[in-house]
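# Residue-level structure breakdown
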Amino acid sequence: MAINWFKYSAPSSFYGLAGKMIPWFAWPAAVLFCMGMYIGFFVAPTDAVQSEAYRIIFVHVPASILSMFIYLVMAGYAALGLIFNTRLSSMMATALAPTGALFAVISLWTGALWGKPMWGAWWVWDARLTSELILLFLYLGFIALQSSIEDPRRADRAGALLAIVGSVNVPIIYFSVQWWNTLHQGSTVKLSGTSMHIAMQQAMFSMLAAMWLYAIAISLSRVRSIILERERNTHWVAELAEVKQ
Amino acid sequence: MLKVTNLACTRGEHQLFAGLNFRLAAGELLQVQGENGSGKTTLLRALCGFIQPFAGEIRWQGKALSELGEEYFANLVYLGHANAIKDELSALENLRISSALSGCTVSDKDAIAALRRMGLRGRETFAVKMLSQGQRRRVALARLLINRARLWILDEPLAALDVGAVGLMQEIIGEHLSNQGLVIFTTHQSLQVSGAETRQLKLS
Amino acid sequence: MNKISLPSMLLLVIQRDLILAMRKRADVLTTLFFFVLVVSLFPLAVGSEMDMLRKMAPGVVWVAALLASMLSLGRMFSADYQDGTLEQMMLVPQSLSFMVLGKIAAHWMLSGLPLVLIAPVLGMQFDMSGEALLVLVVSLLIGTPVLSMIGAFGAALTLGLRGGGVLVSLLVLPLCVPVLIFGTGAVASVAGGVSAMPNLALLGAFLLMSLLFTPWVSAQALRISME
């Protein structure tokens, strides 16, 4: 997001900017979502091996990708907040966490929905699904830690340290689970064939873009609530139209 | 030696104090005053380096605290509300450990002398949990006698002490000041040190 | 004024924690009993068929070690935080990371090492072969210090918070998963007739990495918690 942060690094200025930005992300997200779902569920051809059930990947794969991407972005913002002492960066990290966790849950849930017709089981100890589960716990740990700490400054900084340590550990955890999975010869959730039909690619990218834009829109909205709550004793909040009512 | 410029501290999201300026030189005594919740303890803890101030700077002998890092700690003794002694150890063991950690290992003879001066004769080797509140506070205060640091930061040093002990503390602080020491303290009781003028710093 | 030297401080901190634990012996023993109890619960729960138990053994012992380690984390910083000695230790003119390392070492000696020593007895309950038992003990020997170190980070981060034990476990257990995987993997390879060295080597790598980073990260976490 190429914006001159210095001007908007004060929560009071960012509040207004974020409010204006939200529709610019929300509407395209909705459009791309509809497009992606339409292409994925109606236009893309039936898979040779997995028939109709495979279509769940158009939700599953983007959700997985985003859950990991958001964790890194969250850790990045948290690190910025810790190193440069900018409260807004920390607030962004706090705002991103629930969305990241949601995508992890969607990924796990759609993974299960996919697994059932594929393997006859609601859960398989696939390396990626297991790593996704651990990622969900990392998110929940972050959220739980921040909710248990009353002092906002300590919550920001403790969460940041946890997120940074977590992001360093994510590759380690991923590879450990990979290794474990090959040892125990677990099932692998895979797409049949190495090349994807053009419509499948379109659907995938559409959904990926839709979820990404949605994540941005919802996080901006959430960070606005966080700003309001943390700055509730200041003058500029009292002057806001929505507060004065 | 200690110079504070434009210091501001916050707790939670609201500001406790701002624009604080003062200097403290060797042999000087400074009392921090203010109502409950005005940030006295926060100021003292900021001076110890526990809390990052919201704004402003603290300098010891010209160098900023952030520059000095752990070197700064060699120059100070902090006495907070908690006694900082282990209940399961004896008074003597507690003193041995704290003196060793601070770098000036004290002989048992000196440690026992310090405890006796604090009125704990005969109780030096009992587990601290067998002592009364006032006696435990005396064990905590005994640290001041063996540590050779220049700057004393004392948060309500007289709490739980009887009249005799209060007099003793005033004496000990007086001696420290004559030895070119610096003392910053808060108190709800009155603390008079003979021969030294108590400067006041009011936090609002 | 002289600073205390690093080795002296390390020794002093370890000595101090060990003496304190000796005077409150109950704490140390409860962790050990918990470990033994959890391991013994499994045959009761899943049946006493030896083949199955033999396969489960490394996993059961390792999970129990993990849980016992979590249980004892409260001891690392909490007591010192309550009586003010922790903040005094943070005012020592010496590296806080080394101080933390000393506390971790003492914690391991009191919580991890007893588990390592009693593991063979438990392994025999599960009819593990001699070679498997040996690898189990070695894996615990290398792995339990890592658990103590990761635990130290969690304990430092959650200092003084209510919901303590459960919260620390939520934070720390995901990070311990790699240790769990390779610890049990080492023993499983023996059962599979393969060398346990790759797994043990990876555990060793974790141990080294943790030694390099966790004391420092935990020291930072302590500073954040003390503000």
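Residues numbered from 1 in each chain as written. Chains lettered and ligands numbered in written order. Predicted model: local features only at pLDDT ≥ 70, side-chain atom pairs only at ≥ 80, totals over all residues. Heavy atoms only, no water.

### Some thoughts on the packing of helix α6 (residues 96-125) of chain C against helix α7 (residues 130-157) of chain C
Residues and elements named next belong to chain C. The interhelical angle for the contact between α6 and α7, taken along N-to-C directions, is 150 degrees, at an axis separation of 9 Å. The orientation of α6 relative to α7 falls into the category roughly antiparallel. Crossing angle aside, the handedness with which α6 passes α7 is right-handed. Together, I104, H107, W108, G112, L113, L115, V116, A119, P120, G123 and M124 of α6 and L133, L136, V137, L140, L141, T144, P145, S148, M149 and A152 of α7 make up the contact between the two elements. Its residues assigned to classes, the contact of α6 with α7 shows 16 nonpolar, five polar and no charged. (Axes fitted to C-alpha atoms, helices over the stretch in contact; angles between N-to-C directions. Helix = DSSP H or I, 4+ residues; strand = E, 2+ residues; numbered from the N terminus. Parallel < 35°, antiparallel > 145°, perpendicular 65-115°, else oblique. Left-handed = near helix turned anticlockwise from the far one by under 90°. Contact = heavy atoms within 4.5 Å. Nonpolar A, V, L, I, M, F, W, Y, C, P; charged D, E, K, R; others polar.)

### Looking at the interface of chain B and chain C
Listed by partner, the interface residues are 29 residues for chain B and 27 residues for chain C. In total, chain B and chain C occlude about 2,600 Å² of area from one another, counting both sides; carbon and sulfur atoms represent 61% of this. On the chain B side of the contact with chain C, F50, K86 and L101 of chain B bury the most area, a combined 28% of that side's loss. On inspection of chain B and its partner chain C, the count reaches six salt bridges. Between R23 of chain C and E93 of chain B there is a salt bridge; the shortest N-O distance is 2.8 Å. At the junction of chain B and chain C, the tally comes to ten residue pairs in polar contact (both at pLDDT 80 or more). Secondary-structure elements contributing two or more residues to the side of chain B that touches chain C are α1 (40-48), β6 (76-79) and α3 (91-101) of chain B. Examining the composition of the side of chain B that touches chain C, we find that four residues originate from one element, α3 of chain B, more than from any other. (Buried area = accessible area lost by both parts, 1.4 Å probe. Salt bridge = Lys/Arg side-chain N within 4 Å of Asp/Glu carboxyl O. Polar contact = N/O pair within 3.5 Å; in protein donor to acceptor, adjacent residues only side chain to side chain.)

### So, the pairing of strand β7 (residues 151-155) of chain B
All names here are of chain B. The element β7 is extensively covered by neighbouring structure, given that five of its five residues are classed as buried. Where β6 lies against β7, four bridges are found, and the strand directions are parallel. Of the residues in β7, the one forming a bridge with V77 is W152. With five bridges connecting them, β7 and strand β8 (residues 182-186) associate as parallel partners. Along β8, the bridge assignment pairs L154 with F185. A crossover links β7 with its parallel partner β8, the connecting element being helix α6 (residues 163-178), and its sense is right-handed. (Buried < 20%, exposed > 50% of the residue type's maximum accessible area, 1.4 Å probe, protein only. Pairing = 2+ DSSP bridges. Right-handed = clockwise from strand over helix to strand, strands pointing away.)

### Here we look at the environment of V166 of chain C
Following the sequence through the fold, V166 of chain C ends up in helix α8 (residues 164-191). Along the chain, V166 of chain C and V92 of chain C lie 74 residues apart, while their C-alpha atoms are 31 Å from each other.

### Looking at α8 of chain C
All names here are of chain C. Taking 1.5 Å per residue as the helical rise, α8 with its 28 residues ought to reach 40 Å, and the 38 Å between its terminal C-alpha atoms agrees with that figure. At C176, α8 shows its maximal bend, which comes to roughly 40 degrees, and the proline P178 appears one to four places after that position. Burial analysis of α8 places 20 of its 28 residues in the buried class, the great majority of the element. Of the residues trailing α8, G193 is marked for its positive phi of about 80 degrees. (Expected span 1.5 Å × (residues − 1). Bend = angle between axes of the 7 residues up to and from the residue.)

### Considering the pairing of strand β4 (residues 55-60) of chain B
Residue and element names in this part refer to chain B. As paired strands, strand β1 (residues 2-11) and β4 are joined by five bridges and run antiparallel to one another. Residue pairing for β4: L2 is matched across the bridge by W60. Across two bridges, the pairing between β4 and strand β5 (residues 63-64) is antiparallel. Within the sheet, the bridge partner assigned to R59 lies in β5 and is A64. The hairpin formed by β4 and β5 contains two residues between the paired strands, and Q61 there has a positive phi angle of roughly 50 degrees.

### What to know about the sheet that holds strand β2 (residues 14-24) of chain B
Residues and elements named next belong to chain B. Taken together, the four strands give an open sheet; going across it, the order is β2-β1-β4-β5, and neighbouring strands pair in antiparallel fashion. At either end of the open sheet lies a strand with only one pairing partner, and these are β2 and β5. Across the face of the sheet, α1 comes into contact with β1, β2 and β4 while running at roughly 125 degrees to β1.

### A few points about the confidence of the model for chain A
For chain A, per-residue confidence averages 84 on the pLDDT scale, and 88% of positions sit at 70 or higher. Per-element averaging of pLDDT across chain A places helix α1 (residues 5-8) of chain A at the bottom with 62 and helix α3 (residues 57-84) of chain A at the top with 93. (pLDDT = per-residue confidence, 0-100.)

### Remarks on the sheet that holds strand β3 (residues 29-33) of chain B
What holds strands together in a sheet is hydrogen bonding between their backbones, with the strands either parallel or antiparallel. Residues and elements named next belong to chain B. Judged by pairing direction, the sheet is parallel, and its five strands sit side by side in the order β6-β7-β8-β3-β9 without closing on themselves. Each having just a single partner strand, β6 and β9 (198-202) make up the two edges of the open sheet. Between one strand axis and the next, the sheet turns by 15 degrees as a mean value, whatever way the strands run. With three bridges connecting them, β3 and β8 associate as parallel partners.

### Comments concerning the nonpolar core
Grouped together as the largest cluster of nonpolar side chains are 187 residues, with contacts concentrated most on L2 and I184 of chain B together with F77 of chain C. Broken down by element, the residue count for this core peaks at 15 residues, all from α7 of chain C. Ignoring sequence-local partners within four residues, the contact set of F77 of chain C consists of L86, V100, K103, A152, A155, A156, L159 and L222 of chain C. Ranked by size, the runner-up nonpolar core spans 37 residues in total, among them M118, V139, A142 and I172 of chain B. (Core = buried A, V, L, I, M, F, W, Y, C linked by side-chain atoms within 4.5 Å.)

### Details of the packing of aromatic side chains
Counted by the stated rule, this structure contains nine aromatic pairs over all chains. Here the aromatic rings of W179 of chain A and F182 of chain C are separated by 5.0 Å at their centres, their planes lie at 50 degrees, and the arrangement is tilted. Linking W179 of chain A in helix α6 (residues 152-184) with F182 of chain C in helix α8, this pair reaches from one chain into another. Overall, F182 of chain C belongs to the buried group, its relative accessible area being 4%. On the numbers, 6.3 Å between centres and 50 degrees between planes, the contact of Y72 of chain B with F73 of chain B is tilted. Residue Y72 of chain B shares its accessibility class with F73 of chain B, and that shared class is buried. Ring pairing ties together the aromatic residues W179 of chain A together with F182 and F206 of chain C, which thus form one cluster. (Phe/Tyr/Trp six-rings, centres within 6.5 Å; stacked < 30°, edge-to-face > 60°.)

### Some words on the pattern of salt bridges
On inspection of all chains with the given rule, the structure shows 25 salt bridges over all chains. Between K86 of chain B and D83 of chain C there is a salt bridge, with its nearest N and O atoms 3.0 Å apart. Remark: D83 of chain C occurs in helix α4 (residues 74-83) and K86 of chain B occurs in the loop between β6 and α3; the pair is interchain, linking two chains. Because the salt bridges share partners, they merge into one network encompassing K86 of chain B together with R16, D17, D80, D83 and K103 of chain C.

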